[in-house]
Amino acid sequence: MVLSDLGRRINAAVQDLSRAPNLDEKAFDNMVKEICSALLAADVNVKLVQGLRKSIRDQVKFKDLPPNTSNNNKRRLIQQAVFDHLTHLVDPHSEPYKAKKGKSNVIMFVGLQGAGKTTTCTKLARYYQTRGFKACLVCADTFRAGAYDQLKQNATKAKIPYYGSLTQTDPAVVAAEGVARFRKEKFEIIIVDTSGRHQQEADLFAEMVQVQTAIRPDQTIMVLDGTIGQAVESQSMAFKQTANFGAIIITKTDGGAAGGGAISAVAATHTPIIFLGTGEHMMDLERFEPKAFISKLLG
Ligand code: GDP
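Residues numbered from 1 in each chain as written. Predicted model: local features only at pLDDT ≥ 70, side-chain atom pairs only at ≥ 80, totals over all residues. Heavy atoms only, no water.

Engineer: What am I meant to see in the pattern of salt bridges here?
Structural biologist: What the rule picks out here adds up to eight salt bridges. A salt bridge links Asp 218 to Lys 103; the nearest nitrogen and oxygen atoms lie 3.5 Å apart. Of this pair, Asp 218 sits in the loop between α8 (201–215) and β5 (219–225) while Lys 103 sits in the loop between α4 (71–90) and β1 (105–110), and the two are 115 residues apart along the sequence. The partner of Asp 141 in a salt bridge is Arg 144, with the nearest N and O atoms 4.0 Å apart. (Salt bridge = Lys/Arg side-chain N within 4 Å of Asp/Glu carboxyl O. Helix = DSSP H or I, 4+ residues; strand = E, 2+ residues; numbered from the N terminus.)

Engineer: Help me understand unusual backbone geometry, please; the structure alone is not making it clear to me.
Structural biologist: With the exception of glycine, the majority of residues adopt a negative phi angle, and the majority of peptide bonds are in the trans configuration. Positioned with a positive phi, Lys 61 is a non-glycine residue whose angle comes to about 45 degrees. Judged by relative accessible area, Lys 61 falls into the partly exposed class, the value being 46%. Of note, Lys 252 is a non-glycine position whose phi angle comes to about 60 degrees, a positive value. (Buried < 20%, exposed > 50% of the residue type's maximum accessible area, 1.4 Å probe, protein only.)

Engineer: Hey, could you run me through the site of the ligand in this one?
Structural biologist: Of all residues adjacent to the ligand, which total 17 residues, the nearest are Gly 114, Lys 117, Thr 119, Asp 254 and Glu 280. Between the ligand and the protein, one listed contact pairs an oxygen atom with a backbone N or O atom of Gly 114 at 2.7 Å. Measuring from an oxygen atom of the ligand, one finds a backbone N or O atom of Gly 279 at 3.2 Å. Burial of the ligand by the protein chains amounts to 80% of its free accessible area of 590 Å². Top element by residues in the shell around the ligand is helix α5 (residues 117–130). It accounts for four residues. Residue composition of the shell around the ligand, grouped by class: two nonpolar, ten polar and five charged. (Near = heavy atom within 4 Å. Polar contact = N/O pair within 3.5 Å; in protein donor to acceptor, adjacent residues only side chain to side chain. Areas by Shrake-Rupley, 256 points an atom, 1.4 Å probe, with all protein chains shown as cover. Nonpolar A, V, L, I, M, F, W, Y, C, P; charged D, E, K, R; others polar.)

Engineer: Just to check I follow, could you spell out the sheet that holds β5 for this structure?
Structural biologist: The strands that make up a sheet pair up through hydrogen bonds in the backbone, lying either parallel or antiparallel. Here eight strands make up an open sheet; going across it, the order is β3-β2-β4-β1-β5-β6-β7-β8 and the pairing mixed. Taken across any chain shown, the strands that pair with only one partner, and hence form the sheet edges, are β3 (162–163) and β8 (285–287). In terms of strand pairing, strand β6 (residues 247–251) meets strand β7 (residues 273–277) through three bridges, oriented parallel. Looking at β7, one finds that Ile 248 is bridged to Ile 273. (Pairing = 2+ DSSP bridges.)

Engineer: Explain the layout of surface pockets here, please?
Structural biologist: A probe as big as a water molecule, rolled over the atoms, marks out the empty space that is left. Approximately 450 Å³ is the volume found for the largest pocket. Lining the largest pocket are 25 residues, and of these Glu 95, Pro 96, Ile 274, Arg 287 and Phe 288 sit closest to its centre. (1 Å grid on protein atoms, 1.4 Å probe; cavity = no way out; pocket = protein on both sides within 12 Å on 5 of 7 lines; lining within 4 Å. Points joined across faces, edges and corners; volume = space filled by probe spheres on them.)

Engineer: Can you walk me through the packing of aromatic side chains in this structure?
Structural biologist: Where two aromatic rings form a pair, the distance of their centres and the angle of their planes describe that pair. Applying the stated criterion to the full structure yields eight aromatic pairs. A ring pair is formed by Tyr 128 and Phe 133, whose centres lie 5.2 Å apart and whose planes are at 80 degrees; its orientation type is edge-to-face. Assessed through its relative accessible area of 11%, Tyr 128 is described here as buried. Geometrically, the ring pair formed by Phe 288 and Phe 293 is tilted, given 4.9 Å between the ring centres and 50 degrees between the ring planes. Under the relative-accessibility criterion, Phe 288 is labelled buried at 7%. Joined through ring pairs, the aromatic side chains of Tyr 127, Tyr 128, Phe 133 and Phe 275 make up one cluster. (Phe/Tyr/Trp six-rings, centres within 6.5 Å; stacked < 30°, edge-to-face > 60°.)

Engineer: Just to check I follow, could you spell out the packing of α4 against helix α11 (residues 290–297) for this structure?
Structural biologist: Contact geometry of α4 with α11 gives a least axis separation of 9 Å together with a crossing angle of 125 degrees. With respect to their mutual orientation, α4 and α11 come out oblique. Crossing hand, α4 versus α11: right-handed. Along its contact with α4, which presents Phe 83, Leu 86, Thr 87 and Val 90, the element α11 presents Pro 290, Lys 291, Phe 293, Ile 294 and Ser 295. Within the contact of α4 with α11, the residues separate by chemical class into six nonpolar, two polar and one charged. (Axes fitted to C-alpha atoms, helices over the stretch in contact; angles between N-to-C directions. Parallel < 35°, antiparallel > 145°, perpendicular 65-115°, else oblique. Left-handed = near helix turned anticlockwise from the far one by under 90°. Contact = heavy atoms within 4.5 Å.)

Engineer: Honestly, the environment of Asp 141 in this entry has me stumped. Any pointers?
Structural biologist: Mapped onto the elements of the fold, Asp 141 is located in the loop between β2 (135–140) and α6 (147–157). According to the relative accessible area criterion, Asp 141 is buried, its value standing at 8%. For the pair Asp 141 and Thr 194, spaced 53 residues apart in sequence, the C-alpha to C-alpha distance is 4.7 Å. Apart from the residues lying within four places of it in its own chain, the contact partners of Asp 141 are Ala 147, Asp 193, Thr 194 and Ser 195. Within the structure, Asp 141 has its side chain in polar contact with the backbone nitrogen of Phe 143 (distance 3.0 Å). In this structure the side chain of Asp 141 is engaged in a polar contact, spanning 3.1 Å, whose partner is the backbone nitrogen of Arg 144.

Laid out in structure tokens, this is it:
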């Protein structure tokens, strides 16, 4: 089920309630049930959905409403509770790192191969560039043949300076060299792309730590593929334990993304989503803001 379907189903459930001739507790319970099954169908973790069900019930306290409460007021209370608790699901209440002008902000990307790291690195560099930051890219993926070429192509198209090596095989060395050079040249946003795959997962995680130790990034961003559903949660937990990223970007939210996995990843790692990838092009990056996101979802 895609995100817009989720919004439509939740909305329909709330609308049904408005049309119910008798806005009683049974109608309210049915609405909460329908919202929860929509969330489950969109891959949101079962425990989170159960929590939401309880929170909405607790906030509305249907039984305790004065008997003369008008249907309109009941509806408003219910809509507010649904909105508040859905927002709460995607809002970890922690502030992401804010890049500062006039200093070198080093941003490291982590995530599995195919998640959209390289594409998103360029999008983010461009995002900052259009906001007056001097931005550049470093390719520290020495594992995948062609990774450097891909970054080079994207960077050239976007007119963003880049660094990489065809001969150096140690990603921590390439990363450190690139960051050192760009720091010297007073670049303000230095984005480091890393490998997303190894023969053994343990090697990938060891490499992430080596690169992180070598460049000491101001921010580590995990790129998550929005289309992979429930698997996102365990994946993000494993990365969090190793690289302790401070922000998430969800890619591929255009097309068929269920979105629920992403919501679960935020809850599991208490980490804010900062951007959504909305397409394959350089401009397809949207800032993520919990309230605006849920408002849009609910139409
Ligand atoms: P990496 O292996 O993590 O570096 O992933 P890439 O950046 O190479 O991206 C893998 C594929 O996903 C490419 O075909 C990208 O064009 C595509 N991709 C990345 N972000 C998005 C997005 O937001 N929407 C869509 N539709 N495709 C994306």
